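Report on the structure
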Amino acid sequence: MLSTLIAKTFWLPEQASTFAKSHDALFYFIYWTMVIFFVAIVGTMIYFAVKYKKRSDDDRTSPLEGNTKLELAWSILPSFLLIVMFAWGFKGYMSMLIPPANATDVHVTGYKWGWNFTYHTGDVGNNELIVPLGQPIRLIMSSEQTSPDDMAVLHSFYVPAFRIKRDVLPYRYTVLWFEATELGSFDIFCTEYCGTGHSNMIGKVIVVPPEDWEAAISSGRDFVDDGSMGTLAEFGEMTFGRAGCPACHSVEGQRLTGPALNGVFGREEAIEGGAPVMVDEDYLRESIMEPQAKIVNGYPRTMPTYAGQLSPDQIMGLVEYIKTLQ
Ligand SMILES: [Cu+2]
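Residues numbered from 1 in each chain as written. Predicted model: local features only at pLDDT ≥ 70, side-chain atom pairs only at ≥ 80, totals over all residues.

**Quick notes on helix α3 (residues 68–97)**
Applicable threshold: Elements are defined by DSSP. Helices are runs of H or I of four residues or more, strands are runs of E of two residues or more, and each kind is numbered from the N terminus. Helix span is expected to be 1.5 Å times the residue number reduced by one. To sort residues by burial, count the other C-beta atoms lying within 10 Å of each one's C-beta; a count of 20 or more means buried, 12 or fewer means exposed, and anything in between means partly exposed. C-beta atoms are built from the backbone.
Helix length check: α3, at 30 residues, gives a terminal C-alpha distance of 43 Å against a target of 44 Å (1.5 Å per residue), a fit within 8%. The buried fraction of α3 amounts to 0 of the 30 residues, a small share that puts the element mostly on the outside.

Written out as structure tokens, the structure reads:
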């Protein structure tokens with residue numbers, strides 16, 4: 001009891017998400033296994049070193065050459081412990097990988113050097129992610145260049161109190177989810193060295209009561225560059241029209257030059273010369289930025305790329321708009 005208490009404050013930060021308890025339980029299982037083996041092995045070693053020390057020149061080394069049974073036992077028995085660690089870790093890994101279906105999406109953009117958080121309402125927070133207590137949140141993350149002639153770099157989104165971490169990459173979306181269990185403010189760190197401002201890339205997750213959430217996020221600035229208000233999906237709908245997508249895509253089921261985009265999100269798409277792919281946010285982003293990467297079966301390779309023509313906000317908006325099309 002006392003030892004867990006000391007170890008808890010010494011090794012790990014506070015527990016503020018649903019992952020924290022099981023994560024820490026596994027950590028301490030491995031930790032105490034190591035402590036027990038360390039003490040047993042080093043203790044025996046010291047005991048033998050003293051007990052069998054060569055006392056005089058007449059002392060002879062024992063003729064014993066080995067003990068197969070003993071060697072098998074100390075190889076096989078600990079391997080069961082490794083299997084337990086693997087199975088336990090894998091179970092935790094899978095639950096961290098697969099977000100619940102009812103999760104709320106928030107887009108995360110890492111830049112040099114900070115974080116932007118774009119909510120479905122169209123509000124944006126800078127270096128401050130506001131989330132409701134006790135509800136699953138799914139982060140759709142990517143890294144963007146700061147100016148057009150600049151390179152986007154790798155970041156990594158890390159919230160120690162939630163025990164979550166995932167790389168944030170340019171030109172793709174990665175996903176991370178969590179459910180906060182404590183009200184309050186928790187640190188966000190970038191854990192991928194991303195240039196001179198890396199150590200300043202610090203943000204906060206603010207956990208608020210669910211009933212206060214919408215009000216709390218709407219205090220952020222509205223991201224839409226032309227000043228019009230609207231949700232992220234509405235902004236996407238506007239972008240869809242302005243970028244000329246309706247020339248080739250219906251949103252009501254008719255086949256035009258390109259496939260209809262209603263109902264596409266979440267289904268399996270048959271791809272030319274490859275296995276079917278699941279239509280998620282990253283697939284949609286890729287379809288817009290790199291249309292040639294995966295060609296929908298039975299369609300021409302005529303979609304132009306929008307890389308360099310749409311801003312990260314516009315792509316986010318398009319993705320959220322297409323998700324609403326049923
Ligand atoms: Cu970074």
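Read on, since the account is not over.
**Here's the deal with unusual backbone geometry**
Glycine aside, residues mostly have negative phi, and peptide bonds are mostly found in the trans state. Omega for the bond connecting K112 with W113 falls within 30 degrees of zero, at 0°, which places this linkage in the cis form. With respect to the helices and strands, W113 occurs in the loop between β1 (104–111) and β2 (114–118). The backbone of R163 shows a phi angle near 60°, a positive value even though the residue is not glycine. With respect to the helices and strands, R163 occurs in the loop between β6 (155–159) and β7 (164–168). Despite not being glycine, Y171 has its phi angle at roughly 65°, a positive value.

**A short note on the environment of I315**
Operational definition: Once C-beta atoms have been placed from the backbone, residue pairs whose C-beta atoms lie within 7 Å are recorded as contacts.
Within the element layout of this structure, I315 appears in helix α7 (residues 312–324). In this structure, the C-alpha to C-alpha distance between I315 and F235, residues 80 residues apart in sequence, is 10.0 Å. Setting aside its immediate chain neighbours within four residues, I315 contacts R285, I288 and L310.

**Topic: the pairing of strand β10 (residues 202–208)**
We count it as follows: Two strands pair if DSSP finds at least two bridges between them.
Burial along β10 is one-sided: the residues G203, V205 and V207 are buried and none of I202, K204, I206 and V208 is. Bridge count between strand β4 (residues 128–132) and β10: 5 bridges; the pairing is parallel. Within the sheet, the bridge partner assigned to P132 lies in β10 and is V208. Of the strand pairs in this sheet, strand β9 (residues 184–190) and β10 are connected by 6 bridges, and their pairing is antiparallel. In the strand pairing of β10, I188 is matched with G203.

**Here's the deal with the packing of helix α2 (residues 20–51) against α3**
Note the following rule: Only the contacting stretch of a helix is used when fitting its axis, a line to C-alpha atoms as for every element, and angles between N-to-C directions run 0 to 180 degrees. In this scheme, roughly parallel covers angles under 35 degrees and roughly antiparallel covers those over 145, while 65 to 115 is roughly perpendicular and the rest are oblique. When the near helix sits turned anticlockwise from the far one by under a right angle, the crossing is termed left-handed; a clockwise turn instead gives a right-handed crossing. Side-chain classes follow a simple rule in which Ala, Val, Leu, Ile, Met, Phe, Trp, Tyr, Cys and Pro form the nonpolar group, Asp, Glu, Lys and Arg form the charged group, and the remainder, Gly included, forms the polar group.
Contact geometry for α2 and α3: axes closest at 10 Å, N-to-C directions at 165°. On the basis of their axis angle, the class for α2 and α3 is roughly antiparallel. Seen along the crossing, α2 lies across α3 with a hand that is left-handed. Contacts between α2 and α3 pair S22, H23, L26, I30 and T33 from the former with L81, M85, W88, G89 and G92 from the latter. Partitioning the contact of α2 with α3 into residue classes produces 5 nonpolar, 5 polar and no charged.

**Some words on the domain arrangement of the protein**
Note the following rule: Annotation comment: domain bounds sourced from an automatic or database domain assignment.
For the protein, the assigned domains are domain 1 (2–50 + 67–97), domain 2 (104–222) and domain 3 (232–324). Just the C-alpha atoms count here: the centres of domain 1 and domain 3 sit 47 Å apart.

**Regarding the confidence of the model for the protein**
Rule in force here: Values of pLDDT, ranging from 0 to 100, describe the predictor's confidence in every residue of the model.
Put simply, the protein has an average pLDDT of 89, and 94% of its residues get 70 or more. No element of the protein has a lower mean pLDDT than strand β11 (residues 221–222), at 54, and none a higher one than β6, at 97.

**Digging into the nonpolar core**
Convention followed: By our criterion, buried Ala, Val, Leu, Ile, Met, Phe, Trp, Tyr and Cys residues that link up through C-beta atoms within 7 Å make up a nonpolar core.
Residues V108, L139, M141 and F162 are the most contacted members of the largest nonpolar core, which totals 29 residues. Mapped onto this core, the elements with two or more residues apiece are β1, β2, β4, β5 (136–143), β6, β8 (174–179), β9 and β10. Each residue touching L139, except ones within four places of it in the same chain, is listed here: V106, V108, F157, V175, L176 and W177. Residues C245, I315, V319 and I322 belong to the second largest nonpolar core, which totals 15 residues.

**Considerations on α7**
Given a rise of 1.5 Å per residue, 13 residues ought to cover 18 Å, and the 19 Å separating the end C-alpha atoms of α7 matches this to within 8%. With 11 of 13 residues buried, α7 lies mostly within the body of the structure. Buried within α7 we find D313, Q314, I315, M316, G317, L318, V319, E320, Y321, I322 and K323. Buried residues belonging to α7 abut β1, β2, α5 (232–242) and α6 (281–289).

**A few points about the packing of α5 against α7**
The interhelical angle for the contact between α5 and α7, taken along N-to-C directions, is 100°, at an axis separation of 7 Å. Considered as vectors, α5 and α7 are oriented roughly perpendicular to each other. Here α5 contributes L232, A233, F235, G236, E237, T239 and F240 to the contact with α7, which in turn contributes Q314, M316, G317, L318, E320, Y321 and T324. Residues of the contact of α5 with α7, tallied by class, amount to 7 nonpolar, 5 polar and 2 charged.

**Topic: the sheet that holds β4**
The strand order across the open sheet formed by 5 strands is β4-β10-β9-β6-β7, and the pairing between neighbours is mixed. On the outer flanks of this sheet lie β4 and β7, each paired with one strand and no other. Within this sheet the neighbouring strands show an average axis-to-axis angle of 25°, counted without direction.

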